Amino acid sequence: MLPRGRPRAMGAAVLLLLLLVVGFFLFGRDPDYGLGTTATLDEDPYGSRNLSASSPQLLLPPKCEMLHVAIVCAGYNSSREIITLTKSLLFYRKNPLHLHLITDAVARNILETLFRTWMVPAVVVSFYDAEELKPLVSWIPNKHYSGLYGLMKLVLPSILPPSLARVIVLDTDVTFSSDIVELWALFDRFSGVILLWLDRLQQTGWEQMWKVTAKRELLTLMATSLADQDIFNAVIKEHPHLVHPLPCVWNVQLSDHTRAERCYLEAADLKVIHWNSPKKLRVKNKHAEFFRNLHLTFLGYDGKLLRRELFGCPNQFPPGAEQLQQALTQLDEEEPCFEFRQQQLTVHRVHITFLPHQPPPPQPHDVTLVAQLSMDRLQMLEALCRHWPGPMSLALYLTDEEAQQFLHFVEMSPVLSMRKDVAYHVVYRDGPLYPVNQLRNVALAQALTPYVFLSDIDFLPAYSLYDYLRASIEQLELDSRRKTALVVPAFETLHYRFSFPNSKAELLTLLDAGSLHTFRYHEWPQGHSSTDYSRWREAQAPYRVQWSADYEPYVVVPRDCPRYDPRFVGFGWNKVAHIIELDAQEYEFLVLPEAFSIHLPHAPSLDISRFRSSPTYRNCLQALKEEFHQDLSRRYGSAALKYLTALQQARSRA
């Protein structure tokens, strides 16, 4: 399992599993040796006695014993890897898990949101700041692609809780094909090891031991090429009592020059597949395709199926999960609006910043375009990037499998792959109705600029709109304390082939020629009539407009504006409710004279089709409107009366 070109003189010590790049290592506590026993491959790593973890039969720990797993994770890509690893752990596990995640700020932000929204029973997640460990290893010259993070396993005892008796340390690039409890059971095979506290490692000189060895090795190595594995190998060469043989089935390595074939062609069952190469799934290994399919299975596996409780164990539920379950059980499945009620209570898994993201430097008048989409609108992204050169925050409603297709789509697109200021946030699909306002709230919450342009994915802004909005905010002397919503007039074309106007003058020409129309003038005129398009044609300066019933313009507002009401799912009234909330909080609406955005034609969504064809759907939407107005009355008192009156007048006209 050695990379070619590495010396063989270290024998078993060189084959250290502990360091991974090998995948994981078992921390034990020994009253004499501190480090206790670390798991490594045997001198005969592919010998028959070492192929199975069940010979002799493992004595598994109690079913409900908590298993502890530590993982170092930094950055956007590693955060995606850890999710696939976690899926494989959860798929096979029968015990509660406590994940100890040592992360940088980026990974912590991503993974805290993910695990909070995943809501998996009997899983505890603790976070530790990797920044605290950097000074402890930054003095070590290192050429490994993982950088400083590849050295942090050396100093884990200094950050993990002293009360922690034992822990399995994993790399992010491993995939389990069996229950991790079998690996946990190997602790009991440690000869003469007493599992005590992690601080014993410090008391018995582990820190001094590895540092002295590292400094000596670096005199000849100059820099580590296998990160912490080089140092672990050297320590264990001098202290072989630290080593405990580990069956090779627990670390089937798939790098270009691996000799793992001798293990997996003879083993009855494989436990862990380790993609220990910078190439990861693109590694050139003659059997890689077989193992790649196993990995891809978990990559696209629906994570919500792993929310199952552990049978026979007292399940520790995430915050709010029990109350949510009670609310769901109280729903009447025979009630006509059951789908709407169920969708409102659904907690979707959220993976923020799914792809690497480089936010622009802070600017006082900067604007982020905020929108949401599903897989059928993916083709809009390239055109949107050409029209809007500024930052974007986009929420995508996808299945686990679609998320991988989206990843490939971006990688293959010359336009999208170049844009690092677009933040993509995956909200995983769950339920029959499109959670449009929940998606908007995810994208809005992740915007980093002082202002946001609340748009939809099927609109293309004017080429100059980004610069114009920033200039307008500055000229109007807006700040976050002034409650102002800048209205961007909305238009539409019914032509799939369409020459986009470069200016307001060109737009008016197309409007007069009938190639453009004010948005939804023939279906939903009340949605944008308050923008007063007649006045806009002649306007030279921003002008104020008043709220009216069903008004739903596209607006630029401060980032801390009210959130969208998540009860509105599917089609209908989702933006209207948000504009009402802005008006109730006394936002003034200013129409910008040179701003415009144009809606492009596309096939109707499933929810629009259901709204148009189903009286029950429309009745349920009406019920949501009435509940919304009742809540407005409770929050704003008599000031909310005008909204209820407008609703009643609209109903009488209908």
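Computed from a prediction, not measured in an experiment: that's the story for all the values here.

Asker: Would you mind showing me how to read the overall build of the chain here?
Answerer: A count of helices and strands for the chain gives 22 helices and 23 strands. Within the chain, the proportion of its 654 residues that are buried is 57%. When the accessible area of the chain is evaluated, it comes to approximately 27,700 Å², of which 53% is carbon and sulfur surface.

Asker: What's the story with helix 21 (residues 615–636) in this structure? I'm lost.
Answerer: One turn of an α-helix holds 3.6 residues; hence residues three or four places apart share an orientation. Compared with the 32 Å implied by 1.5 Å per residue over 22 residues, the 31 Å span of helix 21 between its first and last C-alpha is a close match. Buried within helix 21 are the following residues: Tyr 617, Cys 620, Leu 621, Gln 622, Leu 624, Lys 625, Phe 628, His 629, Asp 631 and Leu 632. Just past helix 21, the residue Gly 637 takes up positive phi, approximately 65°.

Asker: Would you mind going over the nonpolar core with me for this structure?
Answerer: Generally speaking, nonpolar side chains in soluble globular proteins are found buried as a group. Residues Leu 394, Phe 406 and Phe 453 are the most contacted members of the largest nonpolar core, which totals 108 residues. Filtering out sequence-adjacent residues up to four positions away, Phe 406 remains in contact with Phe 354, Leu 355, Met 375, Leu 378, Leu 381, Leu 396, Leu 398 and Tyr 424. If you look at the next biggest cluster of nonpolar residues, it comprises 41 residues, including Val 69, Ala 107, Ile 180 and Cys 248.

Asker: Help me understand the sheet that holds strand 14 (residues 422–428) in this model?
Answerer: Strands pair in a sheet through their backbones, by hydrogen bonds, and they do so in one of two ways: parallel or antiparallel. On the basis of which strands lie adjacent, the open sheet formed by 9 strands has the order 11-14-13-12-15-21-17-22-20 and mixed pairing. The strands lining the two open edges of the sheet, one partner per strand, are strand 11 (350–351) and strand 20 (543–545). Across 7 bridges, strand 13 (residues 392–398) lies against strand 14 in parallel orientation. Paired with Met 392 across the two strands is Val 422, which belongs to strand 14. Lying over the sheet, helix 19 (residues 574–584) contacts strand 15 (451–454), strand 21 (554–558) and strand 22 (588–591), oriented at roughly 45° with respect to strand 21.

Asker: How do you make sense of the packing of aromatic side chains when you look at a structure like this?
Answerer: Two aromatic rings, taken as a pair, are described by how far apart their centres are and by the angle between their planes. According to the stated counting rule, one finds 25 aromatic pairs in the structure shown. With a centroid separation of 5.9 Å and 25° between ring planes, the pair formed by Phe 115 and Trp 118 is classed as stacked. Taken together, the residues Phe 115 and Trp 118, both in helix 2 (residues 105–118) and 3 residues apart, mark about one turn of the helix. The class for Trp 118 is buried, based on a relative accessible area of 1%. Ring centres of Phe 491 and Tyr 533 lie 5.3 Å apart, and the angle between their planes is 70°; on these two criteria the pair is classed as edge-to-face. In this pair, Phe 491 sits in strand 18 (residues 490–492) while Tyr 533 sits in helix 18 (residues 533–538), placing the two residues 42 residues apart along the sequence. Of the residues examined, Phe 491 reaches a relative accessible area of 0% and is grouped as buried. The buried category is assigned to Tyr 533, whose relative accessible area is 12%. An aromatic cluster is present here, built from Phe 91, Tyr 92, Phe 298 and Tyr 301 joined pairwise through their rings. Across from the ring centre of Trp 118, 5.9 Å away, lies the NZ or CZ of Arg 349, which sits over that ring. Directly above the ring of Trp 536 sits Lys 504, whose terminal nitrogen or CZ lies 4.3 Å from the centroid.

Asker: Teacher, can you tell me more about the pairing of strand 3 (residues 67–73) here?
Answerer: Each regular strand carries side chains that alternate between the two faces of the sheet. Where burial is concerned, most of strand 3 is hidden: 7 out of the 7 residues are buried. A two-sided burial pattern is seen for strand 3, the buried positions comprising Leu 67, Val 69, Ile 71 and Cys 73 on one face and His 68, Ala 70 and Val 72 on the other. As defined by bridge partners, strand 3 adjoins strand 4 (residues 97–103) across 7 bridges and the pair is classed as parallel. When the sheet's bridge partners are listed, Leu 67 is paired in strand 4 with Leu 97.

Asker: I keep staring at the state of the cysteines and nothing clicks. Help me out?
Answerer: For the structure shown, the criterion picks out 2 disulfides. In this model, Cys 64 is linked to Cys 313 through a disulfide, with the two sulfur atoms separated by 2.1 Å. Where Cys 64 bonds to Cys 313 through sulfur, the torsion about that S-S bond is close to -95°, and the disulfide is left-handed. Of this pair, Cys 64 sits in the loop between strand 2 (38–40) and strand 3 while Cys 313 sits in the loop between helix 9 (288–299) and helix 10 (321–329), placing them 249 residues apart in sequence. Judged by its relative accessible area of 9%, Cys 313 falls in the buried class. One disulfide bridge connects Cys 337 with Cys 620, the sulfur atoms lying 2.0 Å from each other. Around the S-S axis, the bridge from Cys 337 to Cys 620 shows a dihedral of about -100° and counts as left-handed. Residue Cys 337 is located in the loop between helix 10 and helix 11 (338–345), and its partner Cys 620 is located in helix 21; the two are separated by 283 residues in the primary sequence. The buried category is assigned to Cys 337, whose relative accessible area is 8%.

Asker: Before we go on, may I ask you to explain the sheet that holds strand 9 (residues 252–253) in this structure?
Answerer: Taken together, the 3 strands give an open sheet; going across it, the order is 7-10-9, and neighbouring strands pair in mixed fashion. Each having just a single partner strand, strand 7 (174–176) and strand 9 make up the two edges of the open sheet.

Asker: Can you help me understand unusual backbone geometry in this one?
Answerer: Glycine aside, a negative phi is what most residues show, and trans is what most peptide bonds show. Of note in this structure, Thr 353 is not a glycine but carries a positive phi near 40°. By the secondary structure assignment, Thr 353 is in the loop between strand 11 and strand 12 (367–374). At Glu 477, a position not held by glycine, the phi torsion is positive, near 55°.

Asker: In this structure, what is going on with the packing of helix 20 (residues 606–613) against helix 21? I would like to understand it.
Answerer: For any two helices packed against each other, the geometry is given by the interaxial angle and the distance between the axes. Contact geometry of helix 20 with helix 21 gives a least axis separation of 5 Å together with a crossing angle of 100°. With respect to helix 21, the element helix 20 is oriented roughly perpendicular. Counted together, Asp 607, Arg 610, Phe 611, Arg 612 and Ser 613 of helix 20 and Pro 615, Tyr 617, Arg 618 and Leu 621 of helix 21 form the full contact between these two elements. A breakdown of the residues in the contact of helix 20 with helix 21 according to their chemical character gives 4 nonpolar, 1 polar and 4 charged.

Asker: What should I look at first to understand the packing of helix 19 against helix 21 in this one?
Answerer: Packing of helix 19 against helix 21 brings their axes to within 12 Å, and their N-to-C directions diverge by 15°. Judged by the inter-axis angle, helix 19 sits roughly parallel to helix 21. The hand of the helix 19/helix 21 crossing is right-handed. Listed contacts from helix 21 to Ala 577, Ile 580, Glu 581 and Ala 584 of helix 19 are Phe 628, His 629, Leu 632, Arg 635 and Tyr 636. Grouping the amino acids of the contact of helix 19 with helix 21 by side-chain chemistry returns 6 nonpolar, 1 polar and 2 charged.

Asker: Please explain helix 11 as it appears in this structure.
Answerer: All of the buried residues in helix 11 are Phe 338, Phe 340, Arg 341 and Gln 343. Turning to helix 11, the residues buried within the fold contact strand 13, helix 15 (436–445) and helix 21.

Asker: It is not clear to me how the environment of Leu 486 should be interpreted in this structure. Could you clarify?
Answerer: Inspection of the secondary structure assignment puts Leu 486 in strand 17 (residues 484–488). Sequence-wise, Leu 486 and Tyr 554 are 68 residues apart; in three dimensions their C-alpha atoms are separated by 8.3 Å. In contact with Leu 486, not counting residues within four places along its chain, are Ile 473, Leu 476, Leu 478, Tyr 554, Val 555, Val 556, Leu 590 and Leu 592.

Asker: Where do I start with the pattern of salt bridges in this structure?
Answerer: When the charged atoms of two side chains lie near each other, side chains of opposite charge can form a pair. Applying the stated criterion across every chain yields a total of 27 salt bridges. Salt-bridge contacts for Asp 421 lead to Arg 419; the nearest nitrogen and oxygen are separated by 2.8 Å. The salt bridge involving Asp 583 is made with Lys 642; its shortest N-O contact spans 2.8 Å. In this pair, Asp 583 is assigned in helix 19 and Lys 642 in helix 22 (residues 641–653), connecting sequence segments 59 residues apart. In this structure Asp 583 comes out as buried when scored by relative accessible area, which is 12%. Connected via shared salt-bridge partners are Lys 87, Asp 302, Lys 304, Arg 349 and Asp 400.

What counts, and at which threshold
- Residues numbered from 1 in each chain as written.
- Predicted model: local features only at pLDDT ≥ 70, side-chain atom pairs only at ≥ 80, totals over all residues.
- Heavy atoms only, no water.
- Helix = DSSP H or I, 4+ residues; strand = E, 2+ residues; numbered from the N terminus.
- Buried < 20%, exposed > 50% of the residue type's maximum accessible area, 1.4 Å probe, protein only.
- Areas by Shrake-Rupley, 256 points an atom, 1.4 Å probe, with all protein chains shown as cover.
- Expected span 1.5 Å × (residues − 1).
- Core = buried A, V, L, I, M, F, W, Y, C linked by side-chain atoms within 4.5 Å.
- Contact = heavy atoms within 4.5 Å.
- Pairing = 2+ DSSP bridges.
- Axes fitted to C-alpha atoms, helices over the stretch in contact; angles between N-to-C directions.
- Phe/Tyr/Trp six-rings, centres within 6.5 Å; stacked < 30°, edge-to-face > 60°.
- Lys NZ or Arg CZ within 6 Å of the ring centre and 35° of its normal.
- Disulfide = S-S within 2.5 Å.
- Parallel < 35°, antiparallel > 145°, perpendicular 65-115°, else oblique.
- Nonpolar A, V, L, I, M, F, W, Y, C, P; charged D, E, K, R; others polar.
- Left-handed = near helix turned anticlockwise from the far one by under 90°.
- Salt bridge = Lys/Arg side-chain N within 4 Å of Asp/Glu carboxyl O.

Don't take any of this as a statement about function, it's just geometry.
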